Amino acid sequence: MTRSARIVVGVSGGIAAYKSCALIRSFTESGHQVRVIPTPSALEFVGRATFEALSGNPVHTGVFNDVPEVPHVRLGQEADLVVVAPATADLMARATSGRADDLLTATLLTARCPILFAPAMHTEMWEHPATVANVKTLRDRGVTVLEPSAGRLTGKDTGPGRLPEPEEIFAFGSLLLERSDAVPRDLEGKRIVVSAGGTREAVDPVRFLGNRSSGKQGYAIARLAAQRGARVTLISGITSGLPIPAAVDVEHVQSAAQMKQAVFKHSIDVDAVIMAAAVADFRPAEVAVAKIKKGADEPESIPLVRNDDILKGLVQARTSGELPGETVIVGFAAETGDENGSVLDHARDKLSRKGCDLLVVNAVGDGKAFEVDHNDGWILSNSGGESALEHGSKALMASRILDELGQLLRR
Ligand code: CTP
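Residues numbered from 1 in each chain as written. Predicted model: local features only at pLDDT ≥ 70, side-chain atom pairs only at ≥ 80, totals over all residues. Heavy atoms only, no water.

Trainee: Explain the overall build of the chain here, please?
Mentor: Scanning the chain for helices and strands turns up 13 helices and 19 strands. Against the 2.2 N^0.38 benchmark of 22 Å for 411 residues, the chain shows a C-alpha radius of gyration of 24 Å, consistent with a compact globule. The C-alpha extent of the chain, read off along each of the three principal axes, is 75 × 55 × 45 Å. Residues counted as buried form 51% of the 411 residues belonging to the chain. Considering only residue pairs separated by 6 or more positions, the chain has 68% of its internal contacts joining residues 24 or more positions apart. (Helix = DSSP H or I, 4+ residues; strand = E, 2+ residues; numbered from the N terminus. Rg over C-alpha atoms; globule rule 2.2 N^0.38 Å. Buried < 20%, exposed > 50% of the residue type's maximum accessible area, 1.4 Å probe, protein only. Contact = heavy atoms within 4.5 Å.)

Quick look at the structure:
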């Protein structure tokens, strides 16, 4: 979305409040107008001056400042998006019961735009039946409540309750601006494997053959599928240093052979496998044990051998009964048109060759698809369906892909 939106960033009182600064900065740098509304206890963690400097706007916690401006009603009414990060257990409890005892909760009551909560608290608080019930109520009312990350908390304890990375919260906020219904909980109970990123095929101990995949599309799918309720395992090849998505199990691999092993290991009993990784088709026939010296002569060529096609292998495993017959298998294709056919001609061909259920098609060339944040394309299905993916962020593409997948999984 290019338009400048009015965004309210609510901050409640937890140690993760400091991370809201990076989030506020991302929104302002994207050209949005940001109003920060901390709770009084959030100001125990981050000072008012920091929020005012980052947002370029005055910051208040109560409803009795600027009374003629009626901010407790106006800020919510005028907002295009409200993001609360971190959302503490207390803030969510107050929001659930419709309290309006500070400017943030009053704003939440008057807002009619998408609302995004990024919870952060100790695991015991997150898992307490009161919080579980509050999260459910908020979600039932249409609020997007993110699953927190698992990991190190404030003290020595670890577990679910960490604030998702600001980059991720920013991605979800931006997605809700593009599409307000992009994060339904329609994949609850589903198990999904997603592969993402590029592979590296070793030439010698220091060199490899790689590709330009950033992993952004696959990570966007994994991140969103988890927040739509699925249990997601991400098999990550090489990426451009993307943050690990919250609530996703990750296995890191490098080569196509490792990717194959990990994908098969995790796909034994899942509902869907999404092969978004850019897997190398070839690898050096032999990996030199010592670094290849440049020498005085022209370099020798490096013989290559073909890697197994993981996507095709998954389809074969399903046909042979090694994988359950109902596993939905999704492939990706990056295509260019040429004298033998258009992008879509080649893609249809690939869909029938690979035998997967859905094929996500991107047109490449002219800087499209690789290493960029926006994309477009089509989704082809093996039943002959064809839908255009409108131009948008990779998160928006992910939401359309998961819509199609969700439909297949509900059949
Ligand atoms: N893929 C795979 N294993 C490989 C290569 C690719 O599983 N060894 C998967 C990718 O993850 C993606 C799809 O296959 O889902 C892409 O198809 P691919 O045949 O790699 O496309 P191209 O390399 O573009 O094929 P071609 O050169 O035949 O157009």
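Trainee: How do you make sense of the packing of aromatic side chains when you look at a structure like this?
Mentor: Each aromatic ring pair is summarised here by two numbers: the centre-to-centre distance and the angle between the ring planes. This structure, assessed with the given rule, holds 1 aromatic pair. Arranged with centres 5.3 Å apart and planes meeting at 55 degrees, the rings of Phe27 and Phe170 form a pair that is tilted. Here Phe170 lies in helix α8 (residues 166-178) and Phe27 lies in helix α1 (residues 20-29), a separation of 143 residues in the sequence. Since its relative accessible area comes to 0%, Phe27 is described here as buried. Assessed through its relative accessible area of 22%, Phe170 is described here as partly exposed. (Phe/Tyr/Trp six-rings, centres within 6.5 Å; stacked < 30°, edge-to-face > 60°.)

Trainee: Even after reading the chapter, I still don't get the packing of α1 against helix α2 (residues 48-55), so can you show me in this structure?
Mentor: In helix packing, the relevant descriptors are the interaxial angle and the interaxial distance, both defined with respect to the helix axes. At a minimum axis distance of 9 Å, the contact between α1 and α2 shows a crossing angle of 20 degrees. By the angle between their axes, α1 is roughly parallel relative to α2. As α1 runs across α2, the sense of the crossing is right-handed. On α2, the residues that touch Ser20, Cys21, Ile24, Arg25 and Thr28 of α1 are Thr50, Phe51, Leu54 and Ser55. A breakdown of the residues in the contact of α1 with α2 according to their chemical character gives 4 nonpolar, 4 polar and 1 charged. (Axes fitted to C-alpha atoms, helices over the stretch in contact; angles between N-to-C directions. Parallel < 35°, antiparallel > 145°, perpendicular 65-115°, else oblique. Left-handed = near helix turned anticlockwise from the far one by under 90°. Nonpolar A, V, L, I, M, F, W, Y, C, P; charged D, E, K, R; others polar.)

Trainee: Can you help me understand the pattern of salt bridges in this one?
Mentor: Applying the stated rule across the entire model yields 31 salt bridges. In this structure, the salt-bridge partner of Arg191 is Asp269, at a minimum N-O distance of 3.5 Å. Of this pair, Arg191 sits in strand β8 (residues 191-196) while Asp269 sits in the loop between α10 (256-266) and β13 (272-275), and the two are 78 residues apart along the sequence. Arg191 sits in the partly exposed class, given a relative accessible area of 25%. A single network of salt bridges, built from pairs that share partners, joins Arg179, Asp181, Asp186, Arg228, Asp403 and Arg410. (Salt bridge = Lys/Arg side-chain N within 4 Å of Asp/Glu carboxyl O.)

Trainee: What am I meant to see in the side chain of Thr105 here?
Mentor: Here Thr105 shows up in helix α5 (residues 103-110). One polar contact links Thr105 to Asp102, side chain to side chain, over a distance of 2.6 Å. Residue contacts for Thr105: discarding those within four places in its chain leaves Leu91, Arg94, Arg99 and Ala100. (Polar contact = N/O pair within 3.5 Å; in protein donor to acceptor, adjacent residues only side chain to side chain.)

Trainee: What is the right way to look at the site of the ligand in this model?
Mentor: In the vicinity of the ligand lie 15 residues, with Met275, Ala277, Leu311, Lys350 and Lys354 positioned nearest. Measuring from an oxygen atom of the ligand, one finds a side-chain N or O atom of Lys354 at 2.7 Å. Its free accessible area being 580 Å², the ligand has 74% of it covered by the protein chains. Residue assignment for the shell around the ligand shows that the elements contributing at least two residues are α11 (310-319), β16 (328-335) and α12 (343-354). (Near = heavy atom within 4 Å. Areas by Shrake-Rupley, 256 points an atom, 1.4 Å probe, with all protein chains shown as cover.)

Trainee: I tried to follow helix α7 (residues 129-140) on my own but got confused; where do I start?
Mentor: For an α-helix, 3.6 residues make a turn, and residues three or four places apart therefore share a direction. Here α7 contains 12 residues, and its C-alpha end-to-end distance of 16 Å stays within 8% of the 16 Å for a straight helix at 1.5 Å per residue. Among all positions in α7, only Thr131, Asn134, Val135, Leu138 and Arg139 are buried. In a view along the axis of α7, the buried residues occupy a sector of 130 degrees, so they form one face of it. Facing away from the buried side of α7, by more than 90 degrees, are the exposed residues Pro129, Lys136 and Asp140. Where the residues of α7 are buried, they touch α4 (89-96), β4 (115-119), α6 (123-127) and β5 (144-145). Just past α7, the residue Gly142 takes up positive phi, approximately 100 degrees. (Expected span 1.5 Å × (residues − 1). Arc of directions from axis to C-beta.)

Trainee: So what exactly am I meant to see when it comes to the environment of Arg3 here?
Mentor: Looking at the element boundaries, Arg3 is found in the segment before β1 (6-11). Taking the relative accessible area as the measure of exposure, Arg3 reaches 47% and is therefore partly exposed. Apart from residues no more than four positions distant in its own chain, Arg3 is found in contact with His32 and Asp80.

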